[in-house]
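# Coordinates in review
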Amino acid sequence: MHEGDAVALGLALESGIPFAAVHEIIRQQRRDLTLIGPISDMAFDQLIAAGTVAKVIAAWVGNVAGGSGYGFRRAYEQGIPRRIVMEDHSNFTVGLALKAAAMGLPYLPTFTGIGGDIVRGHPRIRPVDDPFGGPSLLAVAALKPDVAIIHVQRADVQGNAHLWGNLGLTVEAAYAARRTIVTCEEIVPEEVIRSDPNRTVIPGFLVTAVVEEPGGALPSSVQGFWRRDFEPFLRYHQVSRTLDGFQEWLREWVLDLPDRQAYLRHMGDAAAERLRIHDRRLAAAANFAP
Amino acid sequence: MIATYTRRELMVVAAAREIRDGEVVFVGMRLPLLGFGLAKATHAPNAVGLFENGVIRDRPAEAFIYTMGDPPNIAGAVACLGLNDVMSLLQQGRVDLGFIGGAEIDPLGNLNTTRTSASGSLVRLPGSGGGGDIASLAGRTVLIMEHEPRRFRERVDYITSPGHFQGRRRGGPATLITTLGVFDLTGGRVRAVTLHPGTTPEQVRQATGFPLAIDESIPATAPPSTDELAYIRKADPDGFWTGDTMKAG
């Protein structure tokens, strides 16, 4: 991650948000970032409130269970801690912008948004004629992140990554980005990946770095590993109403903790155990015999 | 016997009644999520639900969920795809009905969830999410709102989710379900269909920042049956979404 990078994260929507990486970005005081994502449950709000962000390209910034993101509001309405530029999208236009980049195209056409204000005077969305004579469309320009950060269940050391559950825009972002960072619950032998190639959503040659970081998406959920920890979302929603409350939260949960292991310890073993999924409901095996 | 119920429980029931059997529904969270499960359990067993994170389900989640990405919404799903996959189905015209919430609405059914200066100073709202897409592309939309004068505006400051406009390809707002009643939006104006029990036409006029058609003899919204209530309370055991204090928008 560099100063001024355009970073895509939170791509699966409410699950698998790479909070460990988000908090490390804050600790390393990266500045002038552009954030890219569809919705961004709390993570964008934290990055904005911590002063790391210059611009947001997203469809929704807030706290899914609570509503408003107060850090986002303070930045947008009052320039605290700094002014941010907002490029508003709908989920589909973020998706099309990343997909166009993933496909190596300058833009993709769509019917979404016609008649609304999001697409009016938009820097990345313009009217376009259908060359085949159909009704006119909107062109959504490609959006190529410098970095995509994605949390998955398992990957091998090459970065070949298995992810199951909802995918959101994970695949598009990983294919579009110049660099992709994978954080995972566990690094597994490559035989595990190769035993089920349909589950590989990101081939390793697209991955710049792979990091084993169990619990790296908490308090968001990871299918088969972690339930959603609801309380931190609500608590953050309440304390971040004021700048002081946010600063206090930031010290306790980010700045005073060196890494994710410390975060898990700070949560407490009992809390972590309560969230860990121990039940097993395994998919039926698929026969890949040649 | 009709048990006591909250306004939000009644709104869930009203949302469920909008779903016809066999329909493909873009579900969304909060009240519509419960409404989808209720419809499946009652009159619409063959409805299919799409979620913007890529999940396709034809039965409700097995346990309470806070978000569409929670593990119980993935377990037992029909498919887990990507956002562009389900949005493509929406764009193709294969989604009959979508639910959207809003912070502000105008008589054309335009919703604003982006920014407003209605209170005098600028307030930034979270944004579209998938709302703008559902409004643009679903076969019809059902809107869910808190019924307050500051939210019902002659003209919204920003059209996040387009309502009725000339040149619309398909769909548009069909029904509005609020904390006070159920309203028809199909003609590009707001017409009260039923008011929730105990609500008077005068109350609704007071709470609506623009003129709306409302008969003095307007019927009451049919209250939840005991079966419907039982379903809702099983799906939302602590009243997280349907208690008296939770915001619907």
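Residues numbered from 1 in each chain as written. Chains lettered and ligands numbered in written order. Predicted model: local features only at pLDDT ≥ 70, side-chain atom pairs only at ≥ 80, totals over all residues.

### Concerning the overall build of chain B
- Helix and strand counts for chain B come out as seven helices and 13 strands.
- For 249 residues, the compact-globule estimate of 2.2 N^0.38 gives 18 Å, and the C-alpha radius of gyration of chain B, at 17 Å, lies within 12% of that figure.
- Contacts in chain B between residues far apart in sequence, at least 24 positions, make up 66% of those at least 6 positions apart. (Helix = DSSP H or I, 4+ residues; strand = E, 2+ residues; numbered from the N terminus. Rg over C-alpha atoms; globule rule 2.2 N^0.38 Å. Contact = placed C-beta atoms within 7 Å.)

### Examining the overall build of chain A
- Of the regular secondary structure elements, chain A holds 10 helices and 14 strands.
- Taking 19 Å as the expected radius of gyration for a compact globule of 290 residues, we find that chain A reaches 19 Å, a close match to that expectation.
- In terms of its C-alpha atoms, chain A occupies a principal-axis envelope of roughly 60 × 60 × 30 Å.
- When burial is assessed residue by residue, chain A has 50% of its 290 residues classed as buried.
- Contacts in chain A between residues far apart in sequence, at least 24 positions, make up 70% of those at least 6 positions apart. (Buried ≥ 20, exposed ≤ 12 C-beta atoms within 10 Å, placed from the backbone.)

### Describing the interface of chain B and chain A
- On the side of chain A, 51 residues touch chain B, which itself brings 40 residues to the contact.
- Taken together, the elements giving at least two residues each to the side of chain B that touches chain A come down to helix 3 (71-74), helix 4 (83-92) and helix 5 (131-137) of chain B.
- Looking at side-chain class alone, the side of chain B that touches chain A contains 17 nonpolar, 16 polar and seven charged residues. (Nonpolar A, V, L, I, M, F, W, Y, C, P; charged D, E, K, R; others polar.)

### What to know about the sheet that holds strand 9 (residues 137-141) of chain A
Residues and elements named next belong to chain A.
- Judged by pairing direction, the sheet is antiparallel, and its three strands sit side by side in the order 7-9-8 without closing on themselves. The sheet is open, and its two edges are formed by strand 7 (107-110) and strand 8 (125-128), each paired on a single side. Each strand axis lies, on average, 35 degrees off the axis of its neighbour in the sheet, ignoring direction.
- Inspection of the sheet shows strand 8 paired to strand 9 by four bridges, in the antiparallel sense. Bridge pairing in strand 9 links Ile125 to Val140. (Pairing = 2+ DSSP bridges. Axes fitted to C-alpha atoms, helices over the stretch in contact; angles between N-to-C directions.)

### Looking at unusual backbone geometry
All names here are of chain A.
- With an omega dihedral of 0 degrees, the bond running from Ile80 to Pro81 counts as a cis peptide bond.
- A cis amide bond links Leu218 with the next residue in sequence, Pro219, at an omega value of 10 degrees.
- Here Pro219 shows up in the loop between strand 14 (209-212) and helix 7 (230-239).
- Positive phi outside glycine occurs at Leu13, with the angle close to 80 degrees.
- Examined against the element boundaries, Leu13 turns out to sit in the loop between strand 1 (6-8) and helix 1 (19-27).
- The phi angle at Asp32 is positive, at roughly 60 degrees, despite the residue not being glycine.

### Some points on helix 7 (residues 226-235) of chain B
All names here are of chain B.
- Those residues of helix 7 lying buried are Glu228, Leu229, Tyr231, Ile232 and Ala235. Seen end-on, helix 7 carries its buried residues on one side only, within an arc spanning 160 degrees. Seen from the open side of helix 7, the exposed residues pointing more than 90 degrees away from its buried face are Thr226, Asp227 and Lys234.
- Considering only its buried residues, helix 7 is in contact with helix 1 (7-17) and helix 2 (31-41). (Arc of directions from axis to C-beta.)

### Focus on the sheet that holds strand 13 (residues 191-195) of chain B
Residues and elements named next belong to chain B.
- Taken in spatial order, the nine strands make up an open sheet running 4-3-2-1-5-10-11-12-13, and their pairing is mixed. In this open sheet, the two edge strands, each paired with only one partner strand, are strand 4 (79-80) and strand 13.
- Pairing of strand 2 (residues 48-50) with strand 3 (residues 55-57), which is carried by two bridges, proceeds in the antiparallel orientation. Residue pairing in the sheet places Leu50 in a bridge with Ile56 of strand 3.

### Notes on the nonpolar core
- With 145 residues, the main nonpolar core has A:Leu35, A:Leu47, A:Ala58, A:Val182 and B:Ala15 as its most contacted residues.
- With eight residues, the single largest contributor to this core is helix 4 (residues 91-103) of chain A.
- Mapped onto the domain boundaries, this core takes at least three residues apiece from domain 1 (6-89 + 145-275) and domain 2 (110-141) of chain A.
- Look past the residues within four positions of A:Ala58 in its chain and what remains in contact with it is A:Leu35, A:Ile36, A:Gly37, A:Pro38, A:Ser40, A:Phe44, A:His89, A:Val94 and B:Gly127. (Core = buried A, V, L, I, M, F, W, Y, C linked by C-beta atoms within 7 Å. Domains from an automatic or database assignment.)

### Some details on the environment of A:Ile181
- Considering the arrangement of structural elements, one finds A:Ile181 in strand 12 (residues 179-187).
- Filtering out sequence-adjacent residues up to four positions away, A:Ile181 remains in contact with A:Ala21, A:Val147, A:Ile149, A:Thr208, A:Ala209 and A:Val211.

### Thoughts on helix 2 of chain B
Residue and element names in this part refer to chain B.
- Among the 11 residues of helix 2, 10 are classified as buried, and the element is accordingly described as predominantly covered.
- Restricting attention to buried positions, one finds in helix 2 the residues Leu31, Pro32, Leu33, Leu34, Gly35, Phe36, Gly37, Leu38, Ala39 and Lys40.
- Packing partners of the buried residues in helix 2 comprise helix 1, strand 1 (24-26), strand 2, strand 5 (97-101), strand 10 (140-145) and helix 7.

### Some details on the packing of helix 4 of chain A against helix 4 of chain B
- With their axes 10 Å apart at the nearest point, helix 4 of chain A and helix 4 of chain B run at an angle of 120 degrees to one another. Considering their axes alone, helix 4 of chain A and helix 4 of chain B lie oblique with respect to each other. Regarding helix 4 of chain A and helix 4 of chain B, the two cross each other, and that crossing is left-handed. For the pair formed by helix 4 of chain A and helix 4 of chain B, the contact residues are A:Asn91, A:Phe92, A:Gly95 and A:Lys99 on the first element and B:Leu83, B:Asn84 and B:Met87 on the second.
- Its residues assigned to classes, the contact of helix 4 of chain A with helix 4 of chain B shows three nonpolar, three polar and one charged. (Parallel < 35°, antiparallel > 145°, perpendicular 65-115°, else oblique. Left-handed = near helix turned anticlockwise from the far one by under 90°.)

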